[in-house]
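So the chains spell out like this:
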Amino acid sequence: MEHLFKNIKRDKSISILDANIPISEYYPIDLSDSNKDLDYVNISNPEECQNYIDLILKNSGAKVAYGGYLERRNLYKESQLFSGHNQRNIHLGLDFWCSVGTEVLAPLDGRIHSFKNNSELGDYGPTIILEHSIFGEVFYSLYGHLSVESLEGLLVGQEIKANQTIANLGRPEINVNYAPHLHFQLVMDIEGYFGDYPGVCRQDDLEFYSKNCPNPNLLLGL
Ligand SMILES: [Zn+2]
């Protein structure tokens, strides 16, 4: 799928957060189980996770911490959604950790495919999926951990323009129990899902999901 995103015309990185935050204020973060800092931080606790992110942002002078594509994480161990043998712990999206309420922008023209509040603990909370078509190929972008208000008044099929504000980031009580962040994921075949799509997978399914959910940074160019 890389060819698809390489052909998109852009002379700079695409921002999908509040346009007042320059890309130079984005800082990469490692939340994988190989990050030794996290031996002492329980990142499945939203306050501890937020403290860790605040520390990273303070030390780097940045406003947004981002990363996580195909990262293997301990973050999901405490949620029933992801438990059991051969657990789902490989992250398929790119996360952007920043303030509650931060605006989320569409990276490309598209239309609303679906939306839903996935309110089970450890899930996405309010979620929007956009459908895009470029060079005759259809694909989808998913936005998770939004505010409830973000879903109000939306219509399936509604046209969305590039750079249009489509949502705001939700609080931990809404998003569901994470430090505020945007989960942004690309999906080639949506497989009949509506307002939802797996955001983590198990090792055995990685080959399929890493192809069906290409690295979002191929599109954004951060
Ligand atoms: Zn995520």
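Residues numbered from 1 in each chain as written. Predicted model: local features only at pLDDT ≥ 70, side-chain atom pairs only at ≥ 80, totals over all residues. Heavy atoms only, no water.

**Q** Please clarify how the UniProt feature "domain: M23ase beta-sheet core" (unreviewed entry) in the protein chain should be interpreted in this entry.
**A** The UniProt feature table records "domain: M23ase beta-sheet core" (unreviewed entry) at residues 90-186. What you have in residues 90-186 is 4% helix and 49% strand, and the ends, taken at the C-alpha atoms, are 15 Å apart. (UniProt positions renumbered as here; feature names shortened; annotations may be inferred. Helix = DSSP H or I, 4+ residues; strand = E, 2+ residues; numbered from the N terminus.)

**Q** Which parts of the structure should I look at to understand the coordination of the zinc ion?
**A** Ideal coordination angles are 109.5 degrees for a metal with four donors arranged tetrahedrally and 90 or 180 degrees for a metal with six donors arranged octahedrally. The zinc ion binds to the protein through His 91 (NE2), Asp 95 (OD), Asp 95 (OD) and His 183 (ND1), with metal-donor distances spanning 2.1 to 2.8 Å. One way to put it: the 4 donor atoms around the zinc ion meet at angles of 52 to 151°, and that makes the site irregular. Summarised as a motif, the one-chain spacing of the donors to the zinc ion is H-x3-D-x87-H. Placement of the pair is Asp 95 in strand S4 (residues 94-97) and His 183 in strand S11 (residues 181-187), with a sequence separation of 88 residues. Across the pair, exposure class does not vary: Asp 95 and His 183 are buried alike. (Donors = N, O, S within 2.8 Å, 3.2 Å for Na, K, Ca; no water. Tetrahedral: all angles 85-135°; square planar, octahedral: opposite > 155°, others 65-115°. Buried < 20%, exposed > 50% of the residue type's maximum accessible area, 1.4 Å probe, protein only.)

**Q** I would appreciate a short explanation of the packing of aromatic side chains in the present structure.
**A** Aromatic ring pairs are described here by two measures, namely the spacing of the ring centres and the angle between the planes. Evaluation of the coordinates by the stated rule reveals 8 aromatic pairs. On the basis of an interplanar angle of 15° and a centroid distance of 6.0 Å, the ring pair of Tyr 66 and Phe 96 is categorised as stacked. Linking Tyr 66 in strand S2 (residues 64-67) with Phe 96 in strand S4, this pair joins segments that are 30 residues apart in sequence. Among the aromatic side chains, those forming a connected cluster through ring pairs are Tyr 193, Tyr 197, Phe 208 and Tyr 209. (Phe/Tyr/Trp six-rings, centres within 6.5 Å; stacked < 30°, edge-to-face > 60°.)

**Q** Would you take a moment to explain the pairing of strand S8 (residues 137-144) for this structure?
**A** Consecutive residues of a regular strand have side chains that alternate between opposite faces of the sheet. With 6 of 8 residues buried, S8 is to be regarded as a mostly interior element. Across 7 bridges, the pairing between strand S7 (residues 125-134) and S8 is antiparallel. Residue pairing for S8: Ile 134 is matched across the bridge by Glu 137. Hairpin connection from S7 to S8: 2 residues lie between these consecutive antiparallel strands, with Phe 135 at a positive phi of about 50°. Pairing of S8 with S11 involves 5 bridges; the strand directions are antiparallel. Bridge pairing links Tyr 140 to Val 187 in S11. (Pairing = 2+ DSSP bridges.)

**Q** What should I look at first to understand the pattern of salt bridges in this one?
**A** Opposite charge on two side chains allows them to pair when their charged atoms are near. In the structure shown here, the tally under the stated rule is 8 salt bridges. Between Glu 159 and Lys 161 there is a salt bridge; the shortest N-O distance is 3.8 Å. Its relative accessible area of 59% is what places Glu 159 among the exposed residues. Each of Glu 71, Arg 73 and Asp 95 takes part in a single network of salt bridges with overlapping partners. (Salt bridge = Lys/Arg side-chain N within 4 Å of Asp/Glu carboxyl O.)

**Q** Can you walk me through the sheet that holds strand S1 (residues 26-28) in this structure?
**A** Hydrogen bonds between backbone atoms are what pair the strands of a sheet, whose relative direction is either parallel or antiparallel. Spatial strand order, S1-S2-S4-S11-S8-S7-S6-S9: 8 strands in an open sheet with mixed pairing. The sheet is open, and its two edges are formed by S1 and strand S9 (159-160), each paired on a single side. Here 4 bridges tie S4 to S11, and the two strands are oriented antiparallel to one another. Each residue of the ladder has a partner; that of Phe 96, found in S11, is Leu 182.

**Q** It is not clear to me how unusual backbone geometry should be interpreted in this structure. Could you clarify?
**A** A negative phi holds for most residues other than glycine; trans holds for most peptide bonds. Geometrically, the link from Asn 175 to Val 176 is a cis peptide bond, its omega value of 0° lying close to zero. One can find Val 176 in the loop between helix H3 (172-175) and S11. Phi is positive for Glu 191, close to 55°, though the residue is something other than glycine. Along the chain, the position of Glu 191 falls in the loop between S11 and strand S12 (200-201).

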